[in-house]
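Residues per chain, in single letters:
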Amino acid sequence: SGLLYAPFVALGCGDNSVKIYKLDGASGMVKVATQSLSDAISAVSLFSLGEKTLYLAVGTRSGVMSRSVVDLVHGTLSNKQQRFLGSHPVKLVKVGLLRGPALLALSSRPWICFAEQPQMHVQMLPLSYDVLEYAAGFHTELCPRGIVAISGKTLRIVGIDAGGHQPQMFNQIS
């Protein structure tokens, strides 16, 4: 009937932790993992980059993003990596590129997380672009895999080139 089933849910909590719950039809939600952070959480996202790996991304108010691998069977977390993205609280947006799904991380500088083909090595690259306050995936004939974003009082439509890290502005409205 067109419904998708997600086996896990991630919840950011006021005690600077993220809890992973496994969704089980018989017993409801069962907590399977907890990750503590050193700062208040500003964004949480469970995402996949096309391969058979699920990731947990957590943004903090101090501009740090952590990324961990979520075990697809048990929901446990491993391989935690952290990166300072900028001085603003991190916002996370799932978008699509020509190469597949990606995660856009917004802070005082935008970053894009994607899987490099063919090895499926995860890349996290800064975009040489203005501060983006809000963003969403954008798909048209002229821009099949782009991003529509707000920067200040300007609406921007951005496409990412084949290299994955050079944005190209298609339109600007002031």
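Everything below is about the structure shown above.
We now turn to the structure provided with this report. Since this is a predicted model, take the numbers as computed values, not measurements.

Conventions we followed
- Residue positions are counted from 1 within each chain, in the order its sequence is given.
- At least 70 in pLDDT is required for a residue's local features to be given in this predicted model, at least 80 for side-chain atom pairs to be given and counted, and no such filter applies to totals for whole chains, interfaces and linings, which use all residues.
- Heavy atoms throughout the structure, all of them, feed into the side-chain values; hydrogens and water do not.
- Each aromatic pair joins two rings of Phe, Tyr and Trp (for Trp, the six-membered one) with centres within 6.5 Å, and gets the label stacked for planes under 30 degrees apart, edge-to-face for over 60, and tilted for any other angle.
- The buried label applies to any residue whose accessible area, calculated with a 1.4 Å probe on protein chains only, is under 20% of its type's maximum; exposed applies above 50%, and partly exposed to all values in between.
- Counting as a charge over the ring demands two things of the Lys NZ or Arg CZ atom: a distance within 6 Å of the ring centre and an angle within 35 degrees of the ring normal.
- Per the convention used, a helix needs a DSSP run of H or I reaching at least four residues, while a strand needs a run of E reaching at least two, with both numbered from the N terminus.
- Being paired, for any two strands, means DSSP has found at least two bridges between them.
- The axes are straight lines fitted to the C-alpha atoms, using for helices just the contacting stretch, and the angles between their N-to-C directions are given from 0 to 180°.
- Here a polar contact is recorded for every N or O atom pair within 3.5 Å, except that within protein the pair must consist of a potential hydrogen donor and a potential acceptor, and residues adjacent in sequence are included only if both atoms are side-chain atoms.
- Whether two residues are in contact is decided by their heavy atoms: any pair within 4.5 Å suffices.
- Here, nonpolar core refers to any group of buried Ala, Val, Leu, Ile, Met, Phe, Trp, Tyr and Cys residues whose side-chain atoms link them within 4.5 Å.
- Every case where a carboxyl oxygen of Asp or Glu lies within 4 Å of a side-chain nitrogen of Lys or Arg is listed as a salt bridge.

## Re the packing of aromatic side chains
According to the stated counting rule, one finds one aromatic pair in the structure shown. Between the aromatic rings of Phe47 and Tyr55, the centroid separation amounts to 5.4 Å while the plane-to-plane angle is 25°, which identifies the pairing as stacked. Note on accessibility: Phe47 and Tyr55 belong to one class, buried. Directly above the ring of Tyr134 sits Lys91, whose terminal nitrogen or CZ lies 4.0 Å from the centroid.

## Here's the deal with unusual backbone geometry
In this structure, Asn16 is a non-glycine residue whose phi angle is positive, near 65°. Counting through the fold element by element, Asn16 comes out in the loop between strand 1 (8-12) and strand 2 (17-24). Even without being glycine, Asn79 reaches a positive phi, approximately 55°.

## Quick notes on the sheet that holds strand 6 (residues 64-70)
Strand order across the open sheet formed by four strands is 4-5-6-7, with antiparallel pairing between neighbours. Only two strands of the sheet have a single partner each, and these edge strands are strand 4 (41-48) and strand 7 (77-84). Taking each pair of neighbouring strands and ignoring which way they run, the sheet shows an average axis angle of 15°. Looking at chain direction, strand 4 and strand 5 (residues 54-60) are connected through seven bridges and run antiparallel. Bridged to Ile41 within strand 5 is Thr60.

## Comments concerning the side chain of Gln35
Relative to the helices and strands, Gln35 resides in strand 3 (residues 28-36). For Gln35, a relative accessible area of 7% translates into the label buried. Within polar-contact distance, the side chain of Gln35 engages the side chain of Ser66 at 3.5 Å. Here the side chain of Gln35 touches Ser68 through a polar contact of 2.7 Å, side chain to side chain. The contacts of Gln35, once residues within four sequence positions are left out, are Asn16, Ser17, Val18, Leu56, Val58, Ser66, Ser68, Leu77 and Lys80.

## Re the nonpolar core
Grouped together as the largest cluster of nonpolar side chains are 16 residues, with contacts concentrated most on Leu92 and Ala105. Going through the elements one at a time, strand 4, strand 5, strand 9 (100-106), strand 10 (111-116) and strand 11 (121-126) are the ones with two or more residues in this core. A total of three residues in this core trace back to one element, the largest contributor, which is strand 10. Contact partners of Ala105, with chain neighbours within four places excluded, come to Met65, Leu85, Val90, Lys91, Leu92, Pro110, Trp111 and Met124. Counting residues in each nonpolar core, the second largest holds 15 residues, with Leu97, Ala102, Phe114 and Leu127 among its members.

## A short note on the environment of Leu106
The topology assignment puts Leu106 in strand 9. In this structure the C-alpha to C-alpha distance between Leu106 and Val131, which are 25 residues apart in sequence, comes to 7.7 Å. In contact with Leu106, not counting residues within four places along its chain, are Pro89, Val90, Lys91, Val93, Leu132, Glu133, Tyr134 and Ala135.

## Brief notes about the pattern of salt bridges
Inspection of every chain in the model, using the stated rule, returns two salt bridges. One salt bridge in this structure joins Asp15 and Lys19, with 3.7 Å as the shortest N-O distance. In this structure, the salt-bridge partner of Asp130 is Arg156, at a minimum N-O distance of 3.2 Å. In this pair, Asp130 sits in the loop between strand 11 and strand 12 (134-138) while Arg156 sits in strand 14 (residues 154-160), placing the two residues 26 residues apart along the sequence. The class of Arg156 is buried, set by a relative accessible area of 10%.

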